[in-house]
Amino acid sequence: MADVGCDHGYLGIYLLQSGQASFVHASDLREMPIKRAMQNAAQYGVAEKMRFSRADGLTAVQAGTVDTVVCAGMGGDLIAQIVEAAPWLKQEGYTLILQPQSSGNDLRRYLGEAGFAITEERLVQDGRFLYAVMKVRYGGGKPLSPGRQYASDALLSSDDPLLLPYLSRIEHSLKKTVAGISKGITEEDRKKLAYYGAALEEISVLLQAIKTDERGQSHACRE
Ligand SMILES: C[S@@+](CC[C@H](N)C(=O)[O-])C[C@H]1O[C@@H](n2cnc3c(N)ncnc32)[C@H](O)[C@@H]1O
């Protein structure tokens, strides 16, 4: 696998140690993380199964040398740029694991428009933060509605226990965004309002349906 933006390199080290990967290409834009990742790999005895590159995105990774690419802990727009700059990913056989730190909607929009499909999506809680992790493959992707750019069909059908708090947070933040731009007068403001307003409406409907469903289920349990 390739770990783009590997920082400390712990993900690759763990996957090698646990036998889930046989080779890891760890790459990072900056020199310090690469040095640290090399030291950590040596310390944990997996350095000979790793390659290290100081590089922007996937520029140092050659097509066919990995079957899985991980981009974690970066903004969704940056992850989209990194994927788009590696056209070899646009063929079957590659699995992408993407974990945007922010702008997940921009990443999902890009993926859909570029033909990538989110085949699985799950949520992870770290302290008070919630993060989405997506499994993505090329093929079958299509442009997504504004709401689905915030919560994919894969996530909605996952039964993830964090789905309700996740959608509630998205609804809350979209309400604030819509309130903030609703007085805007420029053409750009109107476009943004249409986008965020549509996303808010979709998320609110989804949230309501889940809440109603949960109420129905707890009622059925009591009976
Ligand atoms: C917050 S860390 C995430 C580390 C690790 N992937 C994780 O999830 O724990 C982001 C890392 O991405 C690297 N980075 C930022 N832009 C990059 C790019 N264009 N190409 C490669 N790495 C990049 C940074 O140097 C940093 O080490």
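Fair warning: this is a prediction, and the values are worked out from it, not measured in the lab. (Residues numbered from 1 in each chain as written. Predicted model: local features only at pLDDT ≥ 70, side-chain atom pairs only at ≥ 80, totals over all residues. Heavy atoms only, no water.)

### Digging into the overall build of the chain
Consideration 1: In terms of helices and strands, the chain carries seven helices and seven strands.
Consideration 2: Put simply, the chain runs from its N terminus to its C terminus through helices and strands in the order β-α-β-α-β-β-α-β-α-β-β-α-α-α.
Consideration 3: Considered along the principal axes of its C-alpha atoms, the chain spans approximately 55 × 55 × 35 Å.
Consideration 4: Taken over 223 residues, the chain has a buried fraction of 41%.
Consideration 5: Partitioning the intrachain contacts of the chain with sequence separation of at least 6 by distance along the chain shows that 68% fall at a separation of at least 24.
Consideration 6: Here the chain has roughly 12200 Å² of accessible surface; of this, 52% comes from carbon and sulfur atoms. (Helix = DSSP H or I, 4+ residues; strand = E, 2+ residues; numbered from the N terminus. Buried < 20%, exposed > 50% of the residue type's maximum accessible area, 1.4 Å probe, protein only. Contact = heavy atoms within 4.5 Å. Areas by Shrake-Rupley, 256 points an atom, 1.4 Å probe, with all protein chains shown as cover.)

### A word on the sheet that holds strand β5 (residues 95-102)
Consideration 1: Strand order in the open sheet formed by seven strands is β3-β2-β1-β4-β5-β7-β6, and the pairing between neighbours is mixed. Both edges of this open sheet fall to β3 (50-54) and β6 (116-126), since each of them pairs with a single strand only. Ignoring which end each strand starts from, the neighbouring axes of this sheet average 15 degrees apart.
Consideration 2: Pairing analysis gives three bridges linking β5 to strand β7 (residues 129-138), with the strands arranged antiparallel. By the bridge assignment for β7, Ile97 is matched with Lys135.
Consideration 3: In the packing of helix α2 (residues 31-43) onto the sheet, the strands contacted are β2 (24-28) and β3, and the crossing angle to β3 comes to about 165 degrees.
Consideration 4: Set on the sheet, helix α6 (residues 163-181) makes contact with β6 and β7; between it and β7 the angle comes to about 100 degrees. (Pairing = 2+ DSSP bridges. Axes fitted to C-alpha atoms, helices over the stretch in contact; angles between N-to-C directions.)

### Focus on the pattern of salt bridges
If charged atoms from side chains of opposite charge come close, those side chains can pair.
Consideration 1: For the coordinates displayed, the defined rule picks out 11 salt bridges.
Consideration 2: Between Lys90 and Glu84 there is a salt bridge, and its shortest N-O distance comes to 3.2 Å.
Consideration 3: Given a relative accessible area of 31%, Lys90 falls into the partly exposed group.
Consideration 4: The exposure class assigned to Glu84 is partly exposed, which follows from its relative accessible area of 39%.
Consideration 5: Three or more residues joined by partner-sharing salt bridges are found here, namely Glu31, Lys35 and Arg54. (Salt bridge = Lys/Arg side-chain N within 4 Å of Asp/Glu carboxyl O.)

### Some points on the packing of aromatic side chains
Consideration 1: Tallied over the entire structure, the rule returns five aromatic pairs.
Consideration 2: When the centroid spacing of 5.0 Å and the interplanar angle of 70 degrees are considered together, the rings of Tyr195 and Tyr196 count as edge-to-face.
Consideration 3: Among the aromatic residues, those joined into a ring-pair cluster are Tyr110, Phe116 and Tyr138. (Phe/Tyr/Trp six-rings, centres within 6.5 Å; stacked < 30°, edge-to-face > 60°.)

### Describing the site of the ligand
Consideration 1: In the neighbourhood of the ligand, 14 residues make up the surrounding shell, with Gly5, Asp28, Arg30, Asp56 and Gly57 lying closest.
Consideration 2: In this structure, Asp28 approaches the ligand through a side-chain N or O atom, which is 2.6 Å from an oxygen atom.
Consideration 3: A distance of 3.2 Å separates a nitrogen atom of the ligand from a polar atom in the backbone of Leu29.
Consideration 4: In isolation the ligand offers 610 Å² of accessible surface; the protein chains occlude 77% of this area.
Consideration 5: A per-element tally of the shell around the ligand places strand β4 (residues 68-75) first, with three residues.
Consideration 6: Partitioning the shell around the ligand into residue classes produces six nonpolar, four polar and four charged. (Near = heavy atom within 4 Å. Polar contact = N/O pair within 3.5 Å; in protein donor to acceptor, adjacent residues only side chain to side chain. Nonpolar A, V, L, I, M, F, W, Y, C, P; charged D, E, K, R; others polar.)

### A closer look at helix α1 (residues 10-17)
Consideration 1: All of the buried residues along α1 are Gly12, Ile13, Leu15 and Leu16. The buried residues of α1 occupy an angular sector of 165 degrees when projected down its axis, which confines them to one face.
Consideration 2: Contacts from the buried residues of α1 go to β1 (2-4), β2, α2 and β3.
Consideration 3: Residue Gly19 follows α1 closely and has a positive phi angle near 75 degrees. (Arc of directions from axis to C-beta.)

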